[in-house]
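# Structural features, examined
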Amino acid sequence: MQFERRPVAQQNTIVSGVAGRYATALFELASEAGALDAVRADLERFAQLIATQPDVERFVRSPVFTAEEQTKALGPILDKVGIKGLSANFLKLVAAKRRLFAVADMVRAYGALVDNARGVVRAQVTVADKPSDAVMGDIRKALKDVAGEGVAIDVKVDPSIIGGIVVKLGSKMVDASLRTKLNGIRTAMKEVG
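Residues numbered from 1 in each chain as written. Predicted model: local features only at pLDDT ≥ 70, side-chain atom pairs only at ≥ 80, totals over all residues. Heavy atoms only, no water.

A tally of helices and strands in the chain yields nine helices and four strands. Mapped in sequence order, the helices and strands of the chain form the string α-α-α-α-α-α-α-β-α-β-β-β-α. Along the first, second and third principal axes, the C-alpha set of the chain runs to 65 × 40 × 35 Å. Here the chain holds 193 residues, and the buried ones make up 35% of them. Carbon and sulfur atoms provide 57% of the accessible area of the chain, an area that totals close to 11700 Å². (Helix = DSSP H or I, 4+ residues; strand = E, 2+ residues; numbered from the N terminus. Buried < 20%, exposed > 50% of the residue type's maximum accessible area, 1.4 Å probe, protein only. Areas by Shrake-Rupley, 256 points an atom, 1.4 Å probe, with all protein chains shown as cover.)

See the structure below:
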């Protein structure tokens, strides 16, 4: 499957900064190699490793390690989680350039480039409790009505919203959470009194 190649200037509106430049370069290489999904899966696996393993997070973020130490130590970590090929080479290059601290931003930027190339819009849905299949079906249908068939839904459970739903779609956000409604009532009550 071939994707429409967008000019670099257009891609830069999606991602910017150091992370954006690295992600754009990787996107171009992965696209040429036909490995967009494989690279995305590898990068997300590495980001998950950072998020769940405090030692790996310290290793990635610490300025104490030299580029050589990070690059050398990264090899066995990547082997252990099964990341090889283009993804492994990219992560080792990032370590050699002393940019490993920004890898989480690079992963997000790469994902945004892949989504954009495929015409996928990502919706962040926050709910108080894990939604049932029926509720997820309703959410999916409502978002497809608004954004079209190319909508991908990321569900986040956050009990602090008490109830309702918060939806972020691109730069737009709808907050229909109970917490926001209660805060609105509280503010209105203060204004009256």
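Our next topic: the pairing of strand β3 (residues 164-169). Note: strand β1 (residues 121-127) against β3, five bridges, orientation antiparallel. If you follow T126 over to β3, its bridge partner there is V166. Bridge count for β3 against strand β4 (residues 172-177) is six bridges, and the pairing is antiparallel. Of the residues in β4, the one forming a bridge with G164 is S177. Hairpin geometry of β3 and β4 is characterised by an intervening segment of two residues between the two adjacent antiparallel strands and by a positive phi of about 65° at G170. (Pairing = 2+ DSSP bridges.)

This part covers the environment of R179. Tracing the backbone shows R179 in helix α9 (residues 178-192). Sequence separation between R179 and T126 is 53 residues, and the spatial gap between their C-alpha atoms is 12 Å.

With 92% of its residues at a pLDDT of 70 or more, the chain has an overall mean of 89. Contacts from residues 1-13, a stretch scored under 50 in pLDDT, to residues over four places away or in other chains number 14 contacts. (pLDDT = per-residue confidence, 0-100. Contact = heavy atoms within 4.5 Å.)

Time to look at the environment of D154. Relative to the assigned elements, D154 resides in strand β2 (residues 151-157). Residue classification places D154 among the partly exposed positions, given a relative accessible area of 28%. Sequence-wise, D154 and R122 are 32 residues apart; in three dimensions their C-alpha atoms are separated by 7.2 Å. Dropping the residues within four chain positions of it, D154 is found in contact with R122, A123, Q124 and V125.

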